[in-house]
Amino acid sequence: MPKYARLNNIFGWTAFLIAFITYLLTIEETASFWDPGEFIAVAYKLQVPHPPGAPFFLLIYRMFSFFSFGDNLAIAYWMNVGSALFSAFTILFLFWTITLLGRKLFSLGKEEATKEQTYQLMGAGLIGALAYTFTDSFWFSAVEAEVYAMSSFFTAIVIWAFLKWDVIKDPRAENQYMIFIAYLVGLSIGVHLLNLVTIPALALVVYFKKYKNHNLKGGIIAFVLGGIALVIINNIIIPGLPSIAGTMEIFFVNSLGLPFGAGIVCFSILFLGGLVYALVYAHKQRKVIMSTVLICLTFILIGYGSYALIVIRANAEPVINENDPKDIISFVSYLKREQYGYRPLLHGQYFTAEVIDQVEGAPVYAKGEEKYEVVDYQLENIYDPEKTTILPRIYSTQARHVQIYQSKLGLREGEDPTFFDNIYFMLDHQLGHMYWRYFMWNFSGRESDFSDAPFLSIWTSISTDFPEYIKNNKGHNNYFMLPLVLGLIGMFFQAKHDPKSFWLTLMLFLMMGVVLVLYLNSPPVEPRERDYIYVGSFYAFAIWIGFSVLAISRQLARLKKDLVMAGLYATLITIPVPLLMASENWNDHDRSDRFFSVDAARNFLASCAPNAILFTGGDNDTFPLWYVQEVEGFRTDVRVIVLSYFDTDWYVKQMTRPVNESAALDFTLQYNNFKKGTNDVLYITDRLDNLPLPDYLQLLKSDSELLKLSSSRSGSINTVPSRTLSMSIDQEKIENLDIVPEQFRDLRIPDINIRLKGNYVTKGNLMLLDLIATNNWERPIYFNNTSLATIGFDISDHVVMEGLTYRLLPIQKPDNQEELINTDLAYTNVTEKFAFRGMNDPDNYFDDEFRRFTSNHRSVLNSITIALLDEGDLQRAEDIMRLSLEKFPHGAIPYDLASGQAVPLLLELGMEEEAMHIIDEMSSRSVEMLDFYQETGRAMDREASISMQMLRYFIPLLREQGFEEKANQLQQEYERLFGSMDQRMQRR
């Protein structure tokens, strides 16, 4: 092996090992918050995740679970190791990509690199690869079992493979490599579609190699052709082929009377037969290009074939079976992510546009008993043309989104935005806040890990005296813009000395960054930071960081006339930059010894009685619970129901069968009453003052004309004729079930009146009402705080808190009580069943998500304490408060709003020292934060608002308790800040 190739392998694998060891040392040992809990659960049992699925990811990570050797508690760890491994391979191929591009810059073909060039190329590859290893966003995905680590690997290997193809001279070998690339692209479809975004940029590699006279026109044509290839794969092959098969299936079954599956078989025979015929024809006619294209298509389809897993496993009816894509119709809907709605891209409405008409579009089919039935029609909203625009960016009508639009654009209520407003929002928020801010996080620095935290620049680093709460935040990472500077040096150097490769790198950078931002057209606020989406763009920038070594070494050589040592010196000069990134990022990326994502899930389940039904609100409330049930086998008797999924027929239908140790749920309504297109929305007509809920369900089940209301679109629809639905309570049955605690026996009521909110009832709320009525107190029904707040009717007066959950009981809360708490059960659950591993360790890193769940736990402990104090049980109240302070100490989890609300409880218990510690810590931080916001002119956000509220809260509290000196001190601080800060609050 030539010396260069040997060194290229050695240094490449060295970068791989550094990355792999880094990620292994900082890996999370269990399931992280958000999607990893779901992915680990579905990969372990090969179930069906949320659309559009990731079947190849599931197959590979299922194999990683084998390394647990039967230890279910180790499954998550080994799947996280899979992400660490794929991320390390990403670094390996990044190294080789940089050295390949470096060889192009030196105009090296097959000839051996000189010693001087070798030193420079190894240094460039190492610095670029290590810089990316320690970037904030990539490191985040590298230590958890999510699709982005594996997706990054496919992106890296495809880019590297194209560059390898570029240096191959033998046409036969060229075609073989192109087929290999096509297979990689096909496989990547079964992981994530991000890899496809590289295709237009990589088309430039083909253009520069196959055509000698390069010009702007040719480059644009090549880029457009690459875009066409992207559209063919993303819009025709992936959803298009199944859509065509679905159309044929409906025709064969509905029109020709053939059995289910006939159309799919016919389509498969025709398509595969046509593909084979075309391949044979191209081979016989020696049409090399045609043959290669067809073989590439075949290998893309082979890779795409991993999606068969989704349909196969859906028909096996696993516990987690999202969208239930059993047949071709539901599978197409699954691939198209139809449940997530539509975002206008090239033309659409402003958020102030009114719907002036609705056009009935294509029918929506579902598989029936003997044929495919039309269950609904796609509706297209027609908006006032005066309030539509090209490239719509401010389109969402959600109340929270509208408020943000108006705030950012300075629009008054009812004022229409202009096209300038639309473009300003795109540049300022979508590109500025939701992309460039993330970009600067990775290459300039990050102020903190608080939501919407700004980036750090040289100016802010030097000129800003950050308060201690920011300095001590582990997410406070300052790179002094050095990675950014190196990247810019490398970018200009490549642009000057190798413009062809520069355009390739630039297009990769833009396609996986700016263009992706424009395509996604995100709403103004997301549930969490989305920087992990753009890691492909940051990958391209890391190439330029590597090229900075070549630029610096060339300048050094001009000074010293020693090219050999120049490469070494340039590497030594730049190596502190990735080392700085590693040192700054280590503490906020080290997830070892973090378990609260799983412990919190266990605590929710532990708060439920046996054979319970637990409603959750959304992804982060649910996925960790799925993980602990499906993987760790904890409390599988509890049926976890995602309230938002209850609006779908497939999910309700799944609830009617037993899973694990949980029996099937009983409903009065049958499938025909809740199938897609039926009773999706029921409008409230207020014709009656009160209607018994069981009677209403029977009327709905029988499709009674008494509930009908004429509709211009569908003839008639069902309604709810009363805003109040009642349910009588069998007191003898309740007595026999013994479900009402002794302390609440006086609160029992003969019937429950359920007051509906808004103007209509959704299918999900209808089925929840059905479940409550049909269950008739047989199984315990619980809600977490998120689901309880989002239900479309009010049952807050009939729930009792038993820990982290609220149980529905046939009782009525008195008007003078804020909430009902089963103190005996809640105390037992919290002190004996709850887990808080590692939460009191100040060396652990707890990000914003962990702190939110911690605040929830602190708040629950406060509520239990209040209830115990009301009962005069001072000892157990003190136990709960001491547990809260012990498990969530300020040194590990800074005091928050819930901590401040605990102060009067501590004072009532005589825990004066602990109360004053909270006041001292929170008030000093509040003053510090408000001073900082005032000095920097920063707009008030949630954190600052809480700080102001805490000061206002503590001052009268301290006076009431006789702490005049401390109260006067805070009063002075407040008055010093009051004018400017309060006025700014009022302006907002």
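A quick note: this is a predicted structure, and the numbers were derived from the prediction, not measured. (Residues numbered from 1 in each chain as written. Predicted model: local features only at pLDDT ≥ 70, side-chain atom pairs only at ≥ 80, totals over all residues. Heavy atoms only, no water.)

## As for the sheet that holds strand E20 (residues 820-821)
Okay, step 1: Overall, mixed pairing links the six strands, which are arranged E8-E7-E16-E19-E18-E20 in an open sheet. Each edge of the open sheet carries a strand with a single partner, namely strand E8 (639-642) and E20.
Okay, step 2: On top of the sheet, helix H32 (residues 763-775) reaches strand E7 (613-616), E8, strand E16 (781-783) and strand E19 (806-808); it is set at about 145° to E16, its chief contact. (Pairing = 2+ DSSP bridges. Helix = DSSP H or I, 4+ residues; strand = E, 2+ residues; numbered from the N terminus. Contact = heavy atoms within 4.5 Å. Axes fitted to C-alpha atoms, helices over the stretch in contact; angles between N-to-C directions.)

## So, a nonpolar patch on the surface
Okay, step 1: A contiguous nonpolar surface patch, about 730 Å² in accessible area, is contributed by Leu216, Ile220, Ile221, Val224, Leu225, Ile228, Ile232 and Ile236.
Okay, step 2: Here Ile221 lies in helix H10 (residues 216-237). (Patch = residues over 30% accessible without salt bridge, like charges linked within 9 Å, V, L, I, M, F, W, Y side chains within 5 Å. Areas by Shrake-Rupley, 256 points an atom, 1.4 Å probe, with all protein chains shown as cover. Salt bridge = Lys/Arg side-chain N within 4 Å of Asp/Glu carboxyl O.)

## Re unusual backbone geometry
Okay, step 1: The step from Pro51 to Pro52 runs through a cis peptide bond, and the omega angle for that step is 0°.
Okay, step 2: Assignment of secondary structure puts Pro52 in the loop between helix H2 (35-45) and helix H3 (55-65).
Okay, step 3: You will see that Arg635, though not glycine, has its phi angle at about 50°, which is positive.
Okay, step 4: In this structure, Arg635 sits in the loop between helix H27 (619-630) and E8.
Okay, step 5: Residues other than glycine seldom take positive phi values, yet Asn776 does so here, at roughly 50°.
Okay, step 6: Looking at the element boundaries, Asn776 is found in the loop between H32 and E16.
Okay, step 7: Classification of Asn776 by relative accessible area gives partly exposed; the value is 25%. (Buried < 20%, exposed > 50% of the residue type's maximum accessible area, 1.4 Å probe, protein only.)

## A word on a positive patch on the surface
Okay, step 1: Taken together, the side chains of Lys110, Lys169, Lys212 and Lys500 make up a positively charged region of the molecular surface.
Okay, step 2: Relative to the elements of secondary structure, Lys500 occurs in helix H21 (residues 499-511).
Okay, step 3: On the accessibility criterion, Lys500 (38% relative accessible area) is partly exposed. (Lys, Arg positive; Asp, Glu negative; His and termini not counted. Charge placed at Lys NZ, Arg CZ, Asp CG, Glu CD.)

## What about the sheet that holds strand E10 (residues 691-692)?
Okay, step 1: With mixed pairing, the four strands of this open sheet are ordered in space as E10-E13-E14-E17. Edge positions in the sheet fall to E10 and strand E17 (793-794), since each has one partner strand and no second.
Okay, step 2: Where strand E14 (residues 751-756) meets E17, two bridges bridge the pair, whose relative direction is antiparallel. The partner of Leu756 across the bridge, within E17, is Phe793.

## A look at the environment of Gly758
Okay, step 1: Among the secondary structure elements, Gly758 is positioned in the loop between E14 and strand E15 (760-762).
Okay, step 2: Placed 162 residues apart in sequence, Gly758 and Phe596 show a C-alpha to C-alpha distance of 37 Å.
Okay, step 3: With near-sequence residues (within four places) excluded, Gly758 lies in contact with Ile684 and Arg723.

## Concerning empty space enclosed by the protein
Okay, step 1: Tallying each qualifying case throughout the model produces eight cavities of 30 Å³ or more.
Okay, step 2: Roughly 240 Å³ of internal volume is contained in the largest cavity.
Okay, step 3: Together, 20 residues line the largest cavity, and Val319, Trp626, Arg639, Val640 and Met655 are the ones closest to its centre.
Okay, step 4: The set of elements that each furnish at least two residues to the lining of the largest cavity consists of H27, E8 and helix H28 (649-655). (1 Å grid on protein atoms, 1.4 Å probe; cavity = no way out; pocket = protein on both sides within 12 Å on 5 of 7 lines; lining within 4 Å. Points joined across faces, edges and corners; volume = space filled by probe spheres on them.)

## Section: the nonpolar core
Okay, step 1: Counting 315 residues, the largest nonpolar core has Phe615 and Phe646 as its most contacted members.
Okay, step 2: If you tally residues by element for this core, the top one is helix H4 (residues 75-105), at 17 residues.
Okay, step 3: When sequence neighbours within four positions are dropped, the list of residues in contact with Phe615 reads Ile641, Leu643, Phe646, Leu768, Leu771, Ile781, Tyr782, Phe783, Asn784 and Ser787.
Okay, step 4: Counting nine residues, the second-largest nonpolar core is a separate cluster that includes Tyr350, Ile394, Tyr405 and Leu411. (Core = buried A, V, L, I, M, F, W, Y, C linked by side-chain atoms within 4.5 Å.)

## Overview of the packing of H3 against H4
Okay, step 1: One way to put it is that H3 packs onto H4 with a least axis distance of 8 Å and a crossing angle of 125°. Of the possible angle classes, the one that applies to H3 and H4 is oblique. The way H3 lies across H4 gives a crossing that is right-handed. The segment H3 lies against H4, with Ile60, Tyr61, Phe64 and Ser65 engaging Ile75, Trp78, Met79, Gly82, Ser83, Leu85 and Phe86.
Okay, step 2: Residue composition of the contact of H3 with H4, by class: eight nonpolar, three polar and no charged. (Parallel < 35°, antiparallel > 145°, perpendicular 65-115°, else oblique. Left-handed = near helix turned anticlockwise from the far one by under 90°. Nonpolar A, V, L, I, M, F, W, Y, C, P; charged D, E, K, R; others polar.)

## Things to note about the packing of helix H30 (residues 693-701) against H32
Okay, step 1: Relative to each other, H30 and H32 sit at 120°, their axes nearing to 10 Å. For the element pair H30 / H32, the angle class is oblique. Note on packing geometry: the crossing formed by H30 with H32 is left-handed. On H32, the residues that touch Leu693, Tyr696, Leu697 and Leu700 of H30 are Leu766, Leu769, Asp770 and Ala773.
Okay, step 2: Broken down by class, the residue content of the contact of H30 with H32 amounts to seven nonpolar, no polar and one charged.

## Observations concerning the environment of Gln654
Okay, step 1: Relative to the assigned elements, Gln654 resides in helix H28.
Okay, step 2: With a relative accessible area of 6%, Gln654 lands in the buried category.
Okay, step 3: For the pair formed by Gln654 and Phe267, sequence separation is 387 residues and the distance between their alpha carbons is 30 Å.
Okay, step 4: Apart from residues no more than four positions distant in its own chain, Gln654 is found in contact with Val319, Asn321, Asp324 and Arg639.

## Some points on the layout of surface pockets
Okay, step 1: Counted as a void, the second largest pocket has a volume near 1,200 Å³.
Okay, step 2: The wall of the second largest pocket is formed by 34 residues, among which Met178, Val206, Ala229, Val293 and Cys296 lie closest to the centre.
Okay, step 3: The greatest single-element share of the lining of the second largest pocket, amounting to 10 residues, is contributed by H10.
Okay, step 4: In terms of residue class, the lining of the second largest pocket is made up of 28 nonpolar, four polar and two charged.

## Side note on the pattern of salt bridges
Okay, step 1: Under the definition given, this model contains 42 salt bridges.
Okay, step 2: Linking Arg594 and Asp847 is a salt bridge whose minimum nitrogen-to-oxygen distance equals 3.8 Å. Taken together, the positions of Arg594 in the loop between helix H25 (576-589) and helix H26 (596-606) and Asp847 in the loop between helix H34 (823-833) and helix H35 (848-870) put the pair 253 residues apart, joining distant regions of the chain.
Okay, step 3: Note that Asp931 and Arg976 form a salt bridge whose closest N and O atoms lie 2.8 Å from each other. On the criterion of sequence distance, the pair formed by Asp931 in helix H38 (residues 912-936) and Arg976 in helix H40 (residues 964-987) is long-range, its members being 45 residues apart.
Okay, step 4: Of the residues examined, Asp931 reaches a relative accessible area of 17% and is grouped as buried.
Okay, step 5: With a relative accessible area of 45%, Arg976 lands in the partly exposed category.

## Digging into the pairing of strand E2 (residues 355-367)
Okay, step 1: Of the pairings in the sheet, the one linking E2 to strand E3 (residues 372-383) comprises 10 bridges and is antiparallel in character. Looking at the pairing, Val364 lines up with Asp376 of E3.

## Points about the pairing of E8
Okay, step 1: Both faces of E8 are covered, namely the face carrying Arg639 and Ile641 and the face carrying Val640 and Val642.
Okay, step 2: For E7 and E8, the ladder comprises four bridges, and the chain directions are parallel. The residue bridging Thr616 from the neighbouring strand is Val642, located in E8.
Okay, step 3: Between the parallel pair E7 and E8, the chain is carried across by H27, and the sense of this crossover is right-handed. (Right-handed = clockwise from strand over helix to strand, strands pointing away.)

## Observations concerning the environment of Gly263
Okay, step 1: Residue position: Gly263 is located in helix H12 (residues 262-284).
Okay, step 2: Under the relative-accessibility criterion, Gly263 is labelled buried at 0%.
Okay, step 3: In this structure the C-alpha to C-alpha distance between Gly263 and Phe252, which are 11 residues apart in sequence, comes to 5.3 Å.
Okay, step 4: What Gly263 contacts, discounting residues up to four positions off in sequence, is Met248, Glu249 and Phe252.

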